[in-house]
Structures are given as structure tokens and as C-alpha cells.
Amino acid sequence: MAIYPGMFPYTRMRRMRRDDFSRRLMRENVLTANDLIWPVFVMEGENQREAIASMPGVERISIDLLVKEAREAFDLGIPAIAIFPVTPQEAKTDKAEEAWNPDGLAQRAVRAVKAAVPALGVITDVALDPFTSHGQDGLMDESGYILNDETVSALTKQALSHAEAGADVVAPSDMMDGRIGEIRDVLEQHGHLNTRILAYSAKYASSFYGPFRDAVGSAANLKGGNKYSYQMDPANSDEALWEVALDLQEGADMVMIKPGMPYLDIVRRIKEEFKAPTYVYHVSGEYAMLKAAGMNGWINEKACVLEALLGMKRAGADGILTYYAKQVAEWLKE
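Rules used in this analysis
Residues numbered from 1 in each chain as written. Predicted model: local features only at pLDDT ≥ 70, side-chain atom pairs only at ≥ 80, totals over all residues. Heavy atoms only, no water. Helix = DSSP H or I, 4+ residues; strand = E, 2+ residues; numbered from the N terminus. Rg over C-alpha atoms; globule rule 2.2 N^0.38 Å. Buried < 20%, exposed > 50% of the residue type's maximum accessible area, 1.4 Å probe, protein only. Contact = heavy atoms within 4.5 Å. Areas by Shrake-Rupley, 256 points an atom, 1.4 Å probe, with all protein chains shown as cover. Lys, Arg positive; Asp, Glu negative; His and termini not counted. Charge placed at Lys NZ, Arg CZ, Asp CG, Glu CD. Axes fitted to C-alpha atoms, helices over the stretch in contact; angles between N-to-C directions. Parallel < 35°, antiparallel > 145°, perpendicular 65-115°, else oblique. Left-handed = near helix turned anticlockwise from the far one by under 90°. Nonpolar A, V, L, I, M, F, W, Y, C, P; charged D, E, K, R; others polar. Core = buried A, V, L, I, M, F, W, Y, C linked by side-chain atoms within 4.5 Å. Pairing = 2+ DSSP bridges. Phe/Tyr/Trp six-rings, centres within 6.5 Å; stacked < 30°, edge-to-face > 60°. Salt bridge = Lys/Arg side-chain N within 4 Å of Asp/Glu carboxyl O.

This brings us to the overall build of the protein. Each helix and strand in the protein was counted, giving 12 helices and 12 strands. A compact globule built from 334 residues would reach a C-alpha radius of gyration of about 20 Å, and the protein, at 21 Å, matches this within 12%. Overall, the C-alpha framework of the protein stretches about 75 × 45 × 40 Å when taken along its three principal axes. When burial is assessed residue by residue, the protein has 53% of its 334 residues classed as buried. The long-range share in the protein, meaning contacts at least 24 apart out of those at least 6 apart in sequence, stands at 74%. In the structure as shown, the protein presents an accessible area of about 15,400 Å², 51% of it carried by carbon and sulfur atoms. For the protein, the distance from the average site of its 36 positive side-chain charges to the average site of its 48 negative ones is 11 Å.

Let us look at the packing of helix H2 (residues 63–75) against helix H3 (residues 105–116). Contact geometry for H2 and H3: axes closest at 9 Å, N-to-C directions at 40°. On the basis of the axis angle, H2 is oblique to H3. Judged by the twist between their axes, the crossing of H2 over H3 is right-handed. From H2, Ile63, Leu66, Val67, Ala70 and Arg71 reach across to H3, where they touch Leu105, Arg108, Ala109, Ala112, Val113 and Ala116. Looking at side-chain class alone, the contact of H2 with H3 contains 9 nonpolar, no polar and 2 charged residues.

On to the environment of Pro102, then. In this structure, Pro102 sits in the loop between strand E4 (80–85) and H3. C-alpha separation for the pair Pro102 and Glu164, spaced 62 residues apart in sequence, amounts to 8.3 Å. Once you skip the residues sitting within four places of it in the chain, Pro102 turns out to touch Gln107 and Arg111.

Judged by nonpolar contacts, the single largest core of 80 residues is most densely connected at Phe41, Leu66, Ile81, Ile83, Ile270 and Tyr281. Excluding anything up to four places from it in sequence, Ile83 contacts Val40, Val42, Leu66, Ala109, Val110, Val122, Ile123, Thr124 and Asp125.

Of the positions making up helix H12 (residues 325–333), those classed as buried are Ala325, Lys326, Val328, Ala329 and Trp331. Looking at the buried residues of H12, the elements they touch are strand E1 (36–43), H2, helix H11 (301–315) and strand E12 (319–322).

So, about the pairing of strand E11 (residues 278–282). Of all 5 residues that make up E11, 5 are buried, and the element is covered over most of its length. Neither face of E11 is left uncovered, since the one carrying Thr278, Val280 and His282 and the one carrying Tyr279 and Tyr281 both have all their residues buried. Bridge count for strand E10 (residues 254–258) against E11 is 3 bridges, and the pairing is parallel. Bridged to Met256 within E11 is Tyr279. Relative to E12, E11 runs parallel, the two being bridged by 4 bridges. Within the sheet, the bridge partner assigned to Val280 lies in E12 and is Ile320.

This structure, assessed with the given rule, holds 9 aromatic pairs. When the centroid spacing of 6.0 Å and the interplanar angle of 45° are considered together, the rings of Tyr281 and Tyr323 count as tilted. Of this pair, Tyr281 sits in strand E11 while Tyr323 sits in the loop between E12 and H12, and the two are 42 residues apart along the sequence. Taken as a pair, Tyr281 and Tyr323 share a single burial class, namely buried. On the numbers, 4.6 Å between centres and 50° between planes, the contact of Tyr287 with Tyr324 is tilted. Of this pair, Tyr287 sits in helix H10 (residues 284–295) while Tyr324 sits in the loop between E12 and H12, placing them 37 residues apart in sequence. A connected cluster of aromatic rings, assembled from ring pairs, spans Phe41, Phe84, Tyr200, Tyr281, Tyr287, Tyr323, Tyr324 and Trp331.

Here Lys92 shows up in the loop between E4 and H3. Under the relative-accessibility criterion, Lys92 is labelled buried at 9%. It is 5.2 Å that separates the C-alpha atoms of Lys92 and Thr132, two residues lying 40 residues apart in sequence.

Applying the stated criterion across every chain, the model contains 23 salt bridges. Of the charged contacts in the structure, one is a salt bridge between Arg24 and Asp20, with a shortest N-O distance of 3.3 Å. Here the residue Arg24 and the residue Asp20 both occupy positions in helix H1 (residues 20–25), the gap between them amounting to 4 residues, near one helical turn. Among the residues examined, Arg24 registers a relative accessible area of 53% and is labelled exposed. Given a relative accessible area of 40%, Asp20 falls into the partly exposed group. Taking the shortest distance from any N to any O, the salt bridge between Asp137 and Lys203 comes out at 3.8 Å. Highlighted residues: Asp137 in the loop between strand E5 (121–126) and strand E6 (139–140) and Lys203 in strand E9 (residues 196–203), separated in sequence by 66 residues. For Lys203, a relative accessible area of 5% corresponds to the buried category. Members of the salt-bridge network, linked through shared partners, are Arg49, Glu59, Lys68, Glu69, Glu72 and Lys326.

Honestly, that's just the spatial picture; any functional story needs more than this.
In C-alpha cells:
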């Protein structure tokens, strides 16, 4: 048989894999600390830490300890943290009024971190589930249906309160229709021209969120309920592109896909279609599985975590929210 250039043995794909130097020279994607956003859970009190049983290694911490951790994250090269408040049960109501309290836990945490580490990006969660007595992301009618427009009105007040506290980025994670445009309008009207919006544009009604709901204390309030009427069906892909297009038209600066690894096809489609800053959330259930397997010696935790996050970069993610952020930044320095 005749041999032609491009055919074996003229082309041996393993040649470039032979040595470390050539593998490095042809490497298409690299994970760095610049790719990481660290989600943190903040609670009331001083010098307080509470372990989260379903997320070994992750804790709820008081604002004073959050400031210390934020400094450490910044020193490791992590560009931003995302703050999630653990609201006391007595502050939760059907109307979620605590969400836009200027002296609320999230707002105080933002002010403290920005005062201590001004150059660290601070992202806040805009959703009502930490504040509602029923654990849903929105306001509920008598039948149990989550009201869209009434919820959007509440979310705009919440987002504005975060911007006024000094948040660099507000991140609506609720999946209500039209909320990005309303939030953008309110921010513009009040002079917050450079407050960025990270829209959870494709947030799926996933079963991987369980440990997060334990962490913020909404699982007990949800009482076995679901969020199918507003979060996306895991079976759908085209719908995600529609959602992203709407959010970008309404003024989102960045878009988010959540969860991560089971939805990397969605990340790829969105990045290729829109070329907009695209982020992915390596969610609590993904963290818990990797952590548990690592603790049991079933996998090499470090190797598997780095591989998982690199896969998100390869799929097209510009940044990754992960509870491993601080640990990964330390690993990358080794």
C-alpha cells in the first residue's frame, strides 16, 4: 500500500506526546487562579464557624472570619468571591423583606469585604430563597405558584441594596422572566452604571443542589417542594440559548450555566453562539461527590478536581464558581 504524508507512519500523533516540553507547547487549555470564583457562606455572629455536614471542608463563617478568608483568597490570586447569606429562621417571611434590608447580613458582608480588600471582586446572589419562609426563590400565591412579576419587583430592590452596599457584581439566580432588564434599569436610574450583572441564564432544576440548600438553610423550608415551574428542564438544550439571548438583550454582562459537569454541552453551545463572557457553577453536589470519593480513597481528589475544572475551561467557560477555589489556587502554586 502506498504511504502518503498525513498517513501513518508520516503522522504519528504520539510524537508530540513523547516529552513534557512538547505536551506543554501544544496544550490548548490551561487552568489558573484567574479562572476561579469562590462561593462563601456567611452567617451572623463573631468568630463563628459551622461545618456543613454534606460538604466536608466547607463552612458557614461570620463576617469577621469572612474578611480574613477574603484576604487569603485575594493573596492566592482569586479574582472574586460570591457571597451567600445564611439567614436566621426568625428573619424569614413569606414576602422575603430581609432580602433588601440595607443592614442585612449580605449587605454588611459586602461592605466589610470591600473595605478590607477593595481590589477583590464581590459578587452577590440575587434570589429570595434564603429569605422566604417557604424556601422558594420567589413570592408565592395561595395555590403555591411562584409569582413572576411580583418576584421581579422584590429582586430589583434586593439588587439595588447590594449595589448600594458596594457589590461589584449582582448575580440573579432566580430564573424569573424579565428580571435582568428590570434590574439593569434600576441600577442605571440610581447611578450604578458599572455594577455588572452575572445572569444565571441557564439554571436547571437539578438534583445536584441538595448540599447548597443545607448550607443556606432553605432545604427545611422547601419541605420537599420543587422549582420546576421556573428553573429549566434538564432535558432541554435549545431553550438555554433562548434564555441567554434574552438576558444579553436585557443588559446582562455575563451569563452562567448551572450545574457544571452534567451541562458542559450547554456551556459549549452558549459560548460558540454568543461569544459573551460565560461562566459555569461547579455546584455543591459535584463538590460533595468528589470530596467524598477522595476522602474514601476511591479517587485521587486533587487530580480529579483539576481535571473536572479543566474540562469546564475546555468546554468554553471563562470562569468557574467552585467550592474548591481556594484549595485549587493553592494546588496551582505547588
